[in-house]
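Fold and contact review
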Amino acid sequence: MRFPVFSLPNPTMASGSSSLMWFRKGLRIHDNPALEYAARGSDYLYPVFMIDPHYMEPDPNAFSSGSRRAGLNRIRFLLESLVDLDLNLQKLGSRLLVLNGEPSEVLFRCLKEWNIKKLCFEFDTEPYYQALDNKVKNGGRPPLSYQSFVKLAGEPSWASSPISTELTSLPPVGSVGSCPISEVPTIENLGYEDTEEDDRTPFKGGESEALRRMRESIANKEWVANFEKPKGDPSSLVKPATTVLSPYLKFGCLSSRYFYQCIQEVQRNVKRHTSPPVSLLGQLLWRDFFYTVAFGTPNFDQMKENRICKQIPWKNDDELLRAWRDARTGFPWIDAIMIQLQKWGWMHHLARHCVACFLTRGDLFVHWEKGRDVFERLLIDSDWSINNANWLWLSCSSFFYQYNRIYSPISFGKKYDPNGNFIRHFLPILKDMPKEYIYEPWTAPLSIQVKAKCIIGKDYPKPVVDHDLASKECKQILYEAYQLNKRLNGKVSEEDLKSLGRKPEEDKKQEQKSKRLKQTLFS
Ligand code: FAD
């Protein structure tokens, strides 16, 4: 990694009181209590972001371009957010100092060398938050339903108290001494080859873009007032059906309480509006609900030893997992969404539902943790609590238990987009397939496939499973697993799980069938 070196004009010796603002996630100026506190009463302020090589270094063994933990789209989004943060700090007479290396080591060195008296970062230490935390943690038992969460959390006081959105100046940066400071690196500085424009997410990182996007969304008062999830078209391309503010909330480019207050302001000025859980305000409460449960549940991100997670005998089938991950399932609706994930790092909520259901309880019966890992890497809004919670939900492992309700990989998308424009956009190999076959191209007569220049099994894969059969089987295993969980009061061992499900001769038949399907797919 090469980093552009930073130079300060006329660095001043930091003889007065100095504080350090360690930017981690809250990459913004507006409504940033840690930044305000750091600035208050300080002669010098060091705004710092640390680049951790473990997070940023290219990983040649990863399945997509990026580091060990994050895909390139998210890394680019972060760098854009840092550039924007630096520009916004400069407007206030400051600037961002980028440090590289193991965060704790580098931080200690700077704290000492810069004689820092006050170290600030985003952590909810205020007594108000501590009290709220205790309240919503409910004496060590976090609420497990949205309704009980909303009841416990009540109407937070910050929902109506004024918050700071207009900082006018910041103390100057003091001398940086011999600490190795750099500018915000580019993708190339980090050792990556940048991707083609067409393969990059269309969403640009940073607080400025976050505020512009949010203001654009809430300017349409009628839209905000009538917002109702899960309504909304998951195949909308030009203008997504929801705000696409999740990446900005994830990196803290947008303050969620500022967003909350802005929505409230709109609601106050309309005659009628939707309510939680389906309203736009309700979406932010989902976020907080999942943070609360995730924080209060040990082993929230795994099936084993997670007391709120049903024990289910998921398959460890890497070929099926790869077919899903690499958009080769043969179901165009599913594959197009997975390409959207690779290219944009963002998909509509219902699109996420469809692919998560397909991978787990709907068709492939692959472990939800495997799908979670793929999302965690590729989403630009990848968020530990929200992602795990939604995978638990979609796989019917927790929160939601109606395993008979399966998203059809054929008819669901058709309802919104009968012509298959979404599929044609993300899977251009199918662009000339007539609309009658676009969701099930394997049913098109060969002459049609030839005319569409897409032979199924050659140019585009055959379906990896028969949806009707696979979904029936998934429901059966889930039914049995639920019974077992009930009988053993959730204390299900691996042995119990192994004994579950199909009889030996059925097992053999099923194995032969999936082998045959795989041979056709992968030969
Ligand atoms: P909007 O509908 O405009 O909602 C505004 C904000 O509310 C969002 O930005 C988000 O912060 C919050 N929100 C909306 N829906 C949810 C939800 N179901 N749970 C929690 N918060 C919500 N969202 C993430 O931010 N990060 C993730 O890693 C993530 N992983 C997911 C994995 C799966 C399998 C599924 C089904 C959903 C996941 N979601 C995740 C939730 C949801 O799909 C996204 O938050 C939403 O689609 C983001 O788009 P938006 O900003 O336009 O949402």
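For every chain, the first residue of the written sequence is number 1, and numbering continues from 1 along that sequence. A pLDDT threshold of at least 70 governs which residues receive local features in this predicted model, and a stricter bar of 80 or more applies before side-chain atom pairs are shown or counted, although totals over entire chains, interfaces and linings include all residues. Hydrogens and waters are ignored; side-chain quantities use all the structure's heavy atoms.

Focus: the overall build of the protein
Strands here are runs of E lasting at least two residues and helices are runs of H or I lasting at least four, both read from the DSSP assignment and numbered beginning at the N terminus. The helix and strand tally for the protein stands at 22 helices and 5 strands. The classification of residues rests on relative accessible area computed with a 1.4 Å probe and restricted to protein chains. Under 20% of the type maximum is buried, over 50% is exposed, and intermediate values are partly exposed. When burial is assessed residue by residue, the protein has 52% of its 523 residues classed as buried. Partitioning the intrachain contacts of the protein with sequence separation of at least 6 by distance along the chain shows that 76% fall at a separation of at least 24. Throughout, the Shrake-Rupley method with a 1.4 Å probe supplies accessible areas, and for residues the shown protein chains are the sole cover considered. Approximately 25000 Å² of the protein is accessible, and the part contributed by carbon and sulfur atoms is 51%. Contacts are residue-level and defined by heavy atoms, with any inter-residue pair within 4.5 Å sufficient.

A few points about the environment of Thr360
Looking at the element boundaries, Thr360 is found in helix H14 (residues 349-362). Each C-alpha atom, one on Thr360 and one on Cys396, is 9.0 Å from the other, the two residues being 36 residues apart in sequence. Residues within four places of Thr360 in sequence aside, it is in contact with Trp314, Phe365, Val366, His367, Trp368, Trp391, Leu394, Ser395 and Cys474. Any pair of N or O atoms that falls within 3.5 Å is considered a polar contact. Within protein, one atom must be able to donate a hydrogen and the other to accept it, and sequence-neighbouring residues count only if both atoms are side-chain atoms. Within the structure, the side chain of Thr360 is placed 2.7 Å from the backbone oxygen of Ala356, a separation counted as a polar contact.

Some details on helix H20 (residues 467-487)
Here the expected length of a helix is defined as 1.5 Å per residue gap, with one fewer gap than residues. The terminal C-alpha atoms of H20, which comprises 21 residues, lie 30 Å apart, in line with the 30 Å expected from a rise of 1.5 Å per residue. For H20, every residue scored as buried is listed here: His467, Ala470, Ser471, Cys474, Ile477, Leu478, Glu480, Ala481, Tyr482, Leu484 and Asn485. The inward-facing, buried residues of H20 contact H14 and helix H21 (494-498). Two or three places before Asp468, at the start of H20, stands the capping residue Asp466, its side-chain oxygen 3.0 Å from that residue's backbone nitrogen.

Overview of the packing of aromatic side chains
Within 6.5 Å between ring centres, the rings of Phe, Tyr and Trp (the latter by its six-membered ring) count as paired, and their orientation is classed by plane angle as stacked under 30 degrees, edge-to-face over 60, tilted in between. For the structure on display, the rule yields 32 aromatic pairs. Ring centres of Trp324 and Trp391 lie 6.0 Å apart, and the angle between their planes is 80°; on these two criteria the pair is classed as edge-to-face. Taken together, the positions of Trp324 in helix H12 (residues 318-325) and Trp391 in helix H16 (residues 384-394) put the pair 67 residues apart, joining distant regions of the chain. For Trp324, a relative accessible area of 0% translates into the label buried. Assessed through its relative accessible area of 1%, Trp391 is described here as buried. Site record: aromatic cluster; members linked through ring pairs are Tyr146, Phe149, Trp286, Phe289, Phe290, Trp393, Phe399 and Phe400. Positioned above the aromatic ring of Tyr401 is the side chain of Lys310, whose terminal nitrogen or guanidinium carbon lies 5.1 Å from the ring centre. In this analysis the charged atom, NZ for Lys or CZ for Arg, is taken to sit over a ring once it is within 6 Å of the ring centre and within 35 degrees of the ring normal. Above the plane of the ring of Tyr482 lies Lys310, whose end atom (NZ or CZ) is 4.9 Å from the centre.

What to know about the sheet that holds strand E3 (residues 97-100)
At least two bridges found by DSSP between two strands are what make those strands a pair. Judged by pairing direction, the sheet is mixed, and its 5 strands sit side by side in the order E4-E1-E2-E3-E5 without closing on themselves. The open sheet is flanked by strand E4 (116-121) and strand E5 (181-182), the only strands paired with a single partner. Pairing geometry for E3 and E5, over 2 bridges, is antiparallel. By the bridge assignment, Val98 is partnered in E5 with Ser182.

What about the environment of Pro180?
Relative to the helices and strands, Pro180 is located in the loop between helix H6 (146-153) and E5. Look at Pro180 and you get partly exposed, because its relative accessible area is 45%. Between the C-alpha atom of Pro180 and that of Asn100, which follows or precedes it by 80 residues, the distance is 7.8 Å. When neighbours within four sequence positions are excluded, Pro180 is seen to be in contact with Val98, Leu99 and Arg109.

Quick notes on the site of the ligand
In the vicinity of the ligand, 30 residues are found, and the nearest of them are Thr242, Thr243, Val244, His349 and Asp381. At a separation of 3.5 Å, a nitrogen atom of the ligand approaches a polar side-chain atom of Asn390. Protein chains bury 99% of the 830 Å² of accessible surface belonging to the ligand in isolation. Detection works on a 1 Å grid of protein atoms alone, calling trapped sets that fit a 1.4 Å probe cavities and calling open sets with protein on both sides within 12 Å along at least five of seven lines pockets, with lining residues defined by an atom within 4 Å of a point. Whether a molecule lies in a cavity or pocket depends on its atoms, and more than half of them have to be within 2 Å of the grid points. The cavity that encloses the ligand is the second largest pocket. Of all elements in the fold, only helix H9 (246-250), helix H11 (280-296), H14 and H16 reach the threshold of two or more residues within the shell around the ligand. Residues were grouped as follows: Ala, Val, Leu, Ile, Met, Phe, Trp, Tyr, Cys and Pro as nonpolar; Asp, Glu, Lys and Arg as charged; and all remaining residues, including Gly, as polar. Broken down by class, the residue content of the shell around the ligand amounts to 16 nonpolar, 9 polar and 5 charged. Throughout this document, a residue counts as near a molecule or strand when at least one of its heavy atoms sits within 4 Å of that molecule or strand.

Looking at the confidence of the model for the protein
On average, residues of the protein score 90 in pLDDT, and 89% of them are at 70 or above. Confidence over residues 9-14 falls short of pLDDT 50; this stretch has 11 contacts with residues more than four positions distant or in other chains. The pLDDT value expresses, per residue, how confident the predictor is, ranging between 0 and 100. In the model, residues 125-130 has pLDDT below 50 throughout and makes 9 contacts with residues more than four positions away in sequence or in other chains.

Brief notes about the layout of surface pockets
The calculated volume of the second largest pocket comes to roughly 1400 Å³. In terms of lining, the second largest pocket is formed by 50 residues, of which the most central are Lys229, Gln283, His349, His353 and Asn390. Among the elements of the structure, H6, H9, H11, H14 and H16 are those that each provide at least two residues to the lining of the second largest pocket. Sort the elements by how many residues they give to the lining of the second largest pocket and H11 lands first, with 8 residues. In the lining of the second largest pocket, the residues fall into 30 nonpolar, 12 polar and 8 charged. Grid points are joined across faces, edges and corners, and a volume is the space filled by probe spheres set on the points.

Notes on the packing of helix H7 (residues 207-219) against helix H10 (residues 256-268)
Structural elements are reduced to axes, namely lines fitted to C-alpha atoms, with helices fitted over the stretch in contact, and the angle between N-to-C directions of any two is expressed from 0 to 180 degrees. Axis separation between H7 and H10 bottoms out at 11 Å; the angle between their running directions is 20°. As far as their axial angle goes, H10 and H7 are roughly parallel. For the pair H7 and H10, the sense of crossing is right-handed. On H10, the residues that touch Leu211, Met214, Arg215 and Ile218 of H7 are Tyr258, Phe259, Cys262 and Val266. With respect to orientation, any angle under 35 degrees is reported as roughly parallel, any angle over 145 as roughly antiparallel, any angle of 65 to 115 as roughly perpendicular, and every other angle as oblique. Take the far helix as your reference; a near helix turned counterclockwise from it by less than a right angle gives a left-handed crossing, and one turned clockwise gives a right-handed crossing.

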